[in-house]
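# Report on the structure
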Amino acid sequence: MAGAVNVTTDTSVLSRLDQQLLKAERVLALCSGLAVFGLMVLAVVSVSGRNFFNAPVPGYVDYIEQAMPLIAFMGVAYTQRDGGHIRMDMLVGALKGRFLYAVELITTLLILILMVLLVWGTWAHFQRSFDFGSPMWSRDSSMDIALPIWPAKLLAPVAFSVLSARLALQVWGYGRAVVTGHAVAVPLPIDAATAAALEAKAVETNDRKEAGHGTD
């Protein structure tokens, strides 16, 4: 499982690229969260309409199908940046220094190769669905209210491309760490005591900001 991690930043080109990509990843993660919220609202409207007016939302299942790629894929790069994906922390946490960086470099490079292949495959899948000459530019549609499916299929290569960019940066970061012994812009496991100290510091900083606003 994923444990507590820390991402070090500095003024290097690698760190600046990491921060710029993080902005895009946060936007995609926000889109994913909004999709979850939207489906929750849609469920309330549909159930209320069925119970009180005998008129549920038409195409409710179609909307859910369209939103699934938003929920499933849009936040994967953001999670990768913060080291939130499932992993063997008991094994990784026992490694230190350059040996840890070398192991992370190899595994991240393998994942990058897989994601590049997935970008190629999902883009080809999107192209089979998209057609300028078809109604709503789509060769296929949902079964109930005939929503075009190509927008949902396009989300997969877009999200996987952002994840590939993140993985490429992390390969760079781990490779740099193997050479220099100092890791930047990559998630590194931290022990429970350090995690608690960082959390306490964040809470203290937040309390100070709130106190400052309160005195304005």
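Since the structure is predicted, the reported quantities are computational estimates derived from the model, not experimental observations. (Residues numbered from 1 in each chain as written. Predicted model: local features only at pLDDT ≥ 70, side-chain atom pairs only at ≥ 80, totals over all residues. Heavy atoms only, no water.)

## So, the overall build of the protein
Our working definition: Helix numbers and strand numbers start at the N terminus; a helix is a DSSP run of H or I with at least 4 residues, a strand a run of E with at least 2. For this measure, only C-alpha atoms enter the radius of gyration; the expected value for a globule follows 2.2 Å times N^0.38, where N is the number of residues. Whether two residues touch is decided by their heavy atoms; if any such pair falls within 4.5 Å, the residues are in contact. Areas reported as accessible are Shrake-Rupley estimates using a 1.4 Å probe. Residue values count occlusion only from the protein chains shown. Charged residues are defined narrowly, with Lys and Arg counted positive, Asp and Glu counted negative, and His plus the chain ends left uncounted. Here the site of a charge means NZ on Lys, CZ on Arg, CG on Asp, or CD on Glu.
Looking only at helices and strands, the protein has seven helices and two strands in total. Ordered by position from N to C terminus, the α and β elements of the protein give β-α-α-α-α-α-α-β-α. On C-alpha atoms alone, the protein measures out to a radius of gyration of 22 Å, which is more than a quarter above the 17 Å that the 2.2 N^0.38 rule sets for 216 residues. Viewed in the frame of its principal axes, the protein has a C-alpha envelope of about 60 × 50 × 35 Å. Across the protein, every contact between residues at least 6 apart in sequence was considered, and the portion connecting residues at least 24 apart equals 74%. For the protein, the computed accessible surface area is about 13100 Å², with 70% contributed by carbon and sulfur atoms. The positive charge centre, built from 16 side chains, and the negative charge centre, built from 17, are 7 Å apart in the protein.

## Some points on the side chain of S15
Rules: The classification of residues rests on relative accessible area computed with a 1.4 Å probe and restricted to protein chains. Under 20% of the type maximum is buried, over 50% is exposed, and intermediate values are partly exposed. N or O atoms within 3.5 Å of each other form a polar contact, as long as, within protein, one can give a hydrogen and the other can take it, and as long as residues adjacent in sequence are counted only when both atoms are side-chain atoms.
Tracing the backbone shows S15 in helix α1 (residues 13–53). The class for S15 is buried, based on a relative accessible area of 1%. Separated by 3.0 Å, the side chain of S15 and the backbone nitrogen of D10 make a polar contact. For S15, the residues in contact, after removing those within four places along its chain, are T9, D10, V184 and A185.

## Things to note about the environment of I64
Positionally, I64 belongs in helix α2 (residues 60–73). Overall, I64 belongs to the partly exposed group, its relative accessible area being 25%. Along the backbone, I64 and A35 are 29 residues apart, and their C-alpha atoms lie at a distance of 9.5 Å.

Purely geometric numbers; function is a separate question.
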